Structure formats: C-alpha cells, structure tokens
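Each chain is listed here by its residues.
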Amino acid sequence: MIIVRPVLEIPSHESFDLWPVSDVTPYTFLALDGTLTPADVGTAVMALAACNDLDPGDDRPPRPDDPLGGFLHGLLTMDPLFAAGGLQVTATVTGTRLVPGCCSGLEDRGDWLDVLDGDGCAAWLGHDPSPSAERHGSMVRLTVDSGAETSQWIDVPVAELRHLLAAAEEDLADFLALATRWAAEHLPDHAERVGDAIARAVALPPRN
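Everything numeric in this text was worked out from a predicted model, so none of it was measured.

Visitor: Could you give an account of the environment of Gln-88, with specific residues and numbers?
Guide: Inspection of the secondary structure puts Gln-88 in strand E3 (residues 85-91). A relative accessible area of 13% places Gln-88 in the buried class. Gln-88 sits 72 residues away from Phe-16 along the chain, and the two C-alpha atoms are 26 Å apart. Filtering out sequence-adjacent residues up to four positions away, Gln-88 remains in contact with Ile-3, Val-4, Arg-5, Val-7, Phe-29, Arg-97, Leu-98 and Val-99.

Visitor: Can you lay out the packing of aromatic side chains for me, pointing to particular residues and giving the numbers?
Guide: According to the stated counting rule, one finds four aromatic pairs in the structure shown. Measuring from centroid to centroid gives 5.3 Å for Phe-16 and Phe-71, while their planes differ by 55°, and the two rings are tilted. Taken as a pair, Phe-16 in the loop between strand E1 (2-9) and strand E2 (29-31) and Phe-71 in helix H2 (residues 67-77) lie far apart in primary sequence, 55 residues in all. Taken individually, Phe-16 and Phe-71 each receive the classification buried, so the pair is uniform in this respect. For the ring pair Trp-19 and Phe-71, a centre distance of 6.0 Å and an interplane angle of 55° mean the geometry is tilted. Remark: Phe-71 occurs in helix H2 and Trp-19 occurs in the loop between E1 and E2; sequence separation between them is 52 residues. Classification of Trp-19 by relative accessible area gives buried; the value is 5%. Taken together through their ring pairs, the aromatic side chains of Phe-16, Trp-19, Phe-71 and Trp-182 make up a single cluster.

Visitor: Go over the pairing of E1 with me, naming the residues and quoting the values.
Guide: Where E1 meets E3, seven bridges bridge the pair, whose relative direction is antiparallel. Paired with Pro-6 across the two strands is Leu-87, which belongs to E3. The pairing of E1 with E2 spans three bridges and is antiparallel. Paired with Val-7 across the two strands is Ala-31, which belongs to E2.

Visitor: Kindly report on the sheet that holds strand E8 (residues 153-157), identifying the contributing residues and their values.
Guide: Strand pairing in a sheet is mediated by backbone hydrogen bonds. Such pairs are either parallel or antiparallel. Read across the sheet, four strands follow the order E5-E6-E7-E8 without closing on themselves; strand pairing throughout is antiparallel. Edge positions in the sheet fall to strand E5 (123-124) and E8, since each of these pairs with one other strand and no more. Direction of pairing for strand E7 (residues 139-143) relative to E8: antiparallel, over a ladder of five bridges. From the neighbouring strand, Leu-142 faces E8, where its bridge partner is Ile-154. Against the sheet, helix H4 (residues 158-186) engages strand E6 (132-136), E7 and E8, with an angle of about 95° to E8.

Conventions we followed
- The residue numbering used here restarts from 1 in each chain and proceeds along that chain's sequence as written.
- Where local features are concerned, this predicted model is filtered to residues with pLDDT of at least 70; where side-chain atom pairs are given and counted, the filter is 80 or more; whole-chain, interface and lining totals use all residues.
- With hydrogens and water stripped out, all remaining heavy atoms of the structure feed into the side-chain values.
- Counting from the N terminus, the helices are the DSSP runs of H or I reaching at least four residues and the strands are the DSSP runs of E reaching at least two.
- Any residue under 20% of the maximum accessible area for its type is buried, any over 50% is exposed, and the rest in between are partly exposed; the area is computed with a 1.4 Å probe on protein chains only.
- Two residues qualify as a contact provided that any one of their heavy atoms is within 4.5 Å of a heavy atom in the partner residue.
- Pairing of aromatic side chains here covers Phe, Tyr and the six-membered ring of Trp, requires ring centres within 6.5 Å, and sorts the geometry by plane angle: under 30 degrees stacked, over 60 edge-to-face, intermediate tilted.
- If DSSP finds at least two bridges between two strands, the strands pair.
- Fitted lines through C-alpha atoms give the axes, limited to the stretch in contact for helices. The angle between two N-to-C directions lies from 0 to 180 degrees.

See the structure below:
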C-alpha cells in the first residue's frame, strides 16, 4: 500500500508560549489533515509563522511591538509565503519512505502534476536528501535520495499516484478548515487574516 500525505516541517519550539502547541519533535514532519488535535493545529500554525518570520524591508509595514503581532507579522504580510515541507510518500509493505528535502515547500506540490501531465521530467523536491519523481511510461519512480550513489525508490502507477495526490489535496483542505476554526478560537483578533494567510501558504482557496 502506498500512502501520500501533505506534511509540514516543525521548527524548534521549546520556548514558544504564544498559544498551546504539542510536543512534536522539532525538525520532523507533521502530517496535515482534518483529524489533528487543537495543539497539533497550533503547532502547524506556529511552524508556518516561523517559516515566514523575516524582518520587514521597505516593501512591508514595520513589525508590531507586541510579541503576538510581531511573530505573526511575516505570515500576515509576506508574499509569497513559504511552507517548509511537501508530500511524504510511504510504501507500507517495504517501509520505504520519501520525505521532502530541504527548501521544499508545500506550495510547490503542483510540480508533482507536471510529472504526470508534462513531459515526465524529474521534479525537484528539495535537497539533503534529494528526493525526485520521474515518469517512465505508465509508472512513476519516486527516488528517496537521487543524490546518493544507492537509494531506495518507490514505483507507483500513474493512475494510482493521481488518485493519491487528489486524496492528499483533500487532507490539506480538511486541515485548512480545521486551522481556520482554530484561529477563530485562539487568535480572535487576527483570525480572518491568519486563515487567509494559511490558505495562501498551502496554496489553497481561503475557507469562510
């Protein structure tokens, strides 16, 4: 069985206290869907804000002085936004797992469709490790680390991978709905803007 999940890389959060977060191990991946606990949603929102927590330049308003507004400032004002992570693929029979490489973002997951519908050229999915996806006829080979001399891989039929990618989009849409509700409860003064920003970060239409 092959499983494809949208995942977000979680940064260090040992001293984070602006809202409740879970004990997800830093620098691992959190799978996003509609079943996350409130603390896990808070962890995901923290990760998205941290990804974009850059000092503003001349093209953005100054950072607010209050800790909450200051931390959210990049998420609410950056364009485009970055969501460190991507799609994680697991072959349950063999235990082989492909994870997003460094500098890969959830917002770039449309590159997977280019493999299916374009010329089949390998998609770049980050580095260290350097996973890749390349179509060969009716199959797609997912290489765990194309930069290694020897690497594990997962072969998936094109039709099956298309179905799995659609299911991953549903998981991400369910997460967005959950995160939008979470923002209304935990960040009421920023809820609408945070919900819109999360949607932009994961490249989905905003949820009302």
